[in-house]
Amino acid sequence: MNAYDSEREHTFEALPPARGRGFAQSWWGRAWLAALEGGALDGEQVRTGRRLARAGAVGAVSVRPGRITAVVQERDGTGYRADVLLDVLTDAQWDRFLDLTVERSGHVAALLDREMPPHLVEDAEAAGIDLLPGLGDLEAECGCDAWDHCRHTTALCYQVARLLDQDPFVLLLLRGRGEQALLADLQARGTAAPAEAAPAPQQGVDAVETYLAGHVLPPLPAVPELPGQPGVPPSLDTEAPPAGVVEPAALEILAARTAAQAHVLLAEALRGGAERFAPAWTLTVGEDAVRLAAGRPGDADTAQWVLDRLAAGSGRGREQLALAVRAWRTGGVSALAVLEEEWVVEGEALARARAALDTAWEEDERPVLRARGNRWTVVGSAGQLRLGRDGRWWPYRKERGRWVPAGDAARDPATALAAVASEEVEEALS
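Draft legend 1. The nonpolar core, seen in detail. In terms of nonpolar packing, the biggest core is built from 53 residues, with W32, V63, F97 and L131 touching the most fellow members. With eight residues, the top contributor of residues to this core is helix α7 (residues 151-166). Contact partners of F97, with chain neighbours within four places excluded, come to L120, A124, I129, L131, L172 and L182. Counting 24 residues, the second-largest nonpolar core is a separate cluster that includes A293, W328, W403 and V404.

Draft legend 2. Representation of the sheet that holds strand β9 (residues 393-399). Here five strands make up an open sheet; going across it, the order is β6-β7-β8-β9-β10 and the pairing antiparallel. Bordering the open sheet on either side are β6 (369-372) and β10 (402-405), each of which pairs with just one other strand. If you compare each strand with its neighbour and ignore which way they point, the axes differ by 30 degrees on average. In this sheet, strand β7 (residues 375-378) lies alongside β6 in antiparallel orientation, the contact comprising four bridges.

Draft legend 3. Representation of helix α12 (residues 285-294) in the model. Taking burial as the measure, the ten residues of α12 include seven buried ones, the bulk of the element. By the burial criterion, the buried members of α12 are G286, E287, A289, V290, L292, A293 and A294.

Draft legend 4. A look at the packing of aromatic side chains. In the structure shown here, the tally under the stated rule is three aromatic pairs. Aromatic side chains W376 and W393 sit 5.2 Å apart centroid to centroid with 65 degrees between the ring planes, which places their arrangement in the edge-to-face category. Taken together, the positions of W376 in strand β7 and W393 in strand β9 put the pair 17 residues apart, joining distant regions of the chain. Judged by its relative accessible area of 7%, W376 falls in the buried class. By relative accessible area, W393 is classed as buried at 1%. A cation over a ring is seen here: R386 above Y396, with NZ or CZ 4.0 Å from the ring centre.

Draft legend 5. Up close: the packing of helix α4 (residues 91-103) against helix α6 (residues 119-126). The geometry of α4 relative to α6 is characterised by a closest axis approach of 10 Å and an angle of 125 degrees between their N-to-C directions. Here α6 runs oblique to α4, going by the angle between their axes. Crossing hand, α4 versus α6: right-handed. Along its contact with α4, which presents F97, L100 and T101, the element α6 presents L120, D123 and A124. Residue classes in the contact of α4 with α6 are distributed as four nonpolar, one polar and one charged.

Draft legend 6. How the structure looks around the sheet that holds strand β2 (residues 61-64). The five strands are arranged β1-β2-β3-β4-β5 in an open sheet whose pairing can be described as antiparallel. The two strands at the open ends of the sheet, each matched to only one other strand, are β1 (10-12) and β5 (139-142). Neighbour-to-neighbour, the strand axes of the sheet open up by a mean angle of 20 degrees, direction not taken into account. Relative to strand β4 (residues 79-85), α7 is tilted by about 65 degrees, and along the sheet it contacts β1, β2, β3 (67-73), β4 and β5.

Draft legend 7. A look at a nonpolar patch on the surface. On the surface, V223, L266 and L270 cluster together to form a nonpolar patch covering roughly 280 Å² of accessible area. Relative to the helices and strands, L266 is located in helix α11 (residues 248-270).

Draft legend 8. Up close: the packing of α12 against helix α14 (residues 318-340). At a closest axis distance of 9 Å, the pairing of α12 and α14 adopts a crossing angle of 110 degrees. Judged by the angle between their axes, α12 and α14 are roughly perpendicular. Judged by residue contacts, E287, V290, R291, A293 and A294 of α12 engage L321, A324, V325, W328, R329, V333 and L336 from α14. Counted by class, the contact of α12 with α14 contains nine nonpolar, no polar and three charged residues.

Draft legend 9. Spotlight on a negative patch on the surface. A surface patch of negative charge is lined by D87, E122, E125, D130, D137 and E139. As for its placement among the helices and strands, D87 is situated in the loop between β4 and α4. Judged by its relative accessible area of 58%, D87 is exposed.

Draft legend 10. Representation of the pairing of β4 in the model. With seven bridges connecting them, β3 and β4 associate as antiparallel partners. In the strand pairing of β4, V72 is matched with Y80. The pairing of β4 with β5 spans four bridges and is classified as antiparallel. Among the inter-strand pairings, V84 is bridged to a residue of β5, identified as A140.

Draft legend 11. Representation of unusual backbone geometry within the structure. A positive phi angle is found at D145, which is not glycine, with a value near 70 degrees. Overall, the relative accessible area of 69% leaves D145 in the exposed class. Unusually for a residue other than glycine, R400 sits at a positive phi of about 50 degrees. Considering the arrangement of structural elements, one finds R400 in the loop between β9 and β10.

Draft legend 12. Spotlight on the pattern of salt bridges. For the coordinates displayed, the defined rule picks out 17 salt bridges. Residues R372 and E342 are paired through a salt bridge, measuring 3.0 Å at the closest nitrogen-oxygen approach. On the criterion of sequence distance, the pair formed by R372 in strand β6 and E342 in the loop between α14 and α15 (347-360) is long-range, its members being 30 residues apart. R392 is the salt-bridge partner of D390, the closest N and O atoms lying 2.7 Å from each other. In this structure R392 comes out as partly exposed when scored by relative accessible area, which is 25%.

Cut-offs and rules
- Residues numbered from 1 in each chain as written.
- Predicted model: local features only at pLDDT ≥ 70, side-chain atom pairs only at ≥ 80, totals over all residues.
- Heavy atoms only, no water.
- Core = buried A, V, L, I, M, F, W, Y, C linked by side-chain atoms within 4.5 Å.
- Buried < 20%, exposed > 50% of the residue type's maximum accessible area, 1.4 Å probe, protein only.
- Helix = DSSP H or I, 4+ residues; strand = E, 2+ residues; numbered from the N terminus.
- Contact = heavy atoms within 4.5 Å.
- Pairing = 2+ DSSP bridges.
- Axes fitted to C-alpha atoms, helices over the stretch in contact; angles between N-to-C directions.
- Phe/Tyr/Trp six-rings, centres within 6.5 Å; stacked < 30°, edge-to-face > 60°.
- Lys NZ or Arg CZ within 6 Å of the ring centre and 35° of its normal.
- Parallel < 35°, antiparallel > 145°, perpendicular 65-115°, else oblique.
- Left-handed = near helix turned anticlockwise from the far one by under 90°.
- Nonpolar A, V, L, I, M, F, W, Y, C, P; charged D, E, K, R; others polar.
- Patch = residues over 30% accessible without salt bridge, like charges linked within 9 Å, V, L, I, M, F, W, Y side chains within 5 Å.
- Areas by Shrake-Rupley, 256 points an atom, 1.4 Å probe, with all protein chains shown as cover.
- Salt bridge = Lys/Arg side-chain N within 4 Å of Asp/Glu carboxyl O.
- Lys, Arg positive; Asp, Glu negative; His and termini not counted.
- Charge placed at Lys NZ, Arg CZ, Asp CG, Glu CD.

Next up, the structure:
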């Protein structure tokens, strides 16, 4: 029998250490961490708690409505029972949550497939229901007699992010409703028919009744399969001379580029990651040149002509433009700024960067880093970390004497640097 069905409690076995990588991989795990790190917890508690969780000090975690519990061990073997409390939703809040979920057929289908759609958070917030904890929502109780959050309860909070990777329904259980009870309520609401007197015969179909009966309509057809290639715009090669200063070849490139970008956005939307490539409408000339070069279509001669023109128009050489395109494809404007801008990290930003680097690895795993500006180079290795102004770390590696982007950014420097190592392994195997 599922633990959700029996005692409305789910116990997760202790997880192994998480050295050298980030805590959460899923959207829900990362959202929990963002809520935790942006909350009221003290910075030092966050760092020490994260270190304990990363070292595997958190034992089996028990999750039940309003409370998560685990024993957290110090390095000397002393164990402390840590409890973190979060208010459960009221019956009225659960009713609103279920109502808004039933209104979205996509939400119902996802939940029945044991998936938790990220947009559920936004829809719930619009209805006045906060699924993720806010500032001061997490209360703490610990055997170390701390009056507020300590490193043990913070480590437990970090471990929950990894649990959400395994089962995002943990959050709903913590808020008061087990998985099976929730799904049963959804199915009951979806199949319940209002008991009303039969209406008098009318001409046509009443729009309100049709809307209210939406749950009995057949399911929407499956999403069409993504085309293998973007569409090809019509050729502008005609005998008629172009009007004014319009260049048909350039216009063809722009049309083809638009089709290619639409294909990319559609592919990302189908994979649930469209926000990563959300369009920016305030690009500089130099940024827009890189954007166009990053998606160039056409034959080799036309493409090279376009690249030369874009490079000249943006004040870059051909190799500089190629490197900028590589950065753009990892993270758009933010990644391009990290590639081309070196800045002095100081004050609070420097303190946060040093704290992140100090807690990212265990003592015996920490690489030796040489800092210059916002760039930390791994001594004796072809790896480098670059800090963006938004606090994210970008991995770089040295190729033929120059530093090139090696992957996506991460909040955790160890996670970012791991991308450099994985790329080196892939090259060695290829």
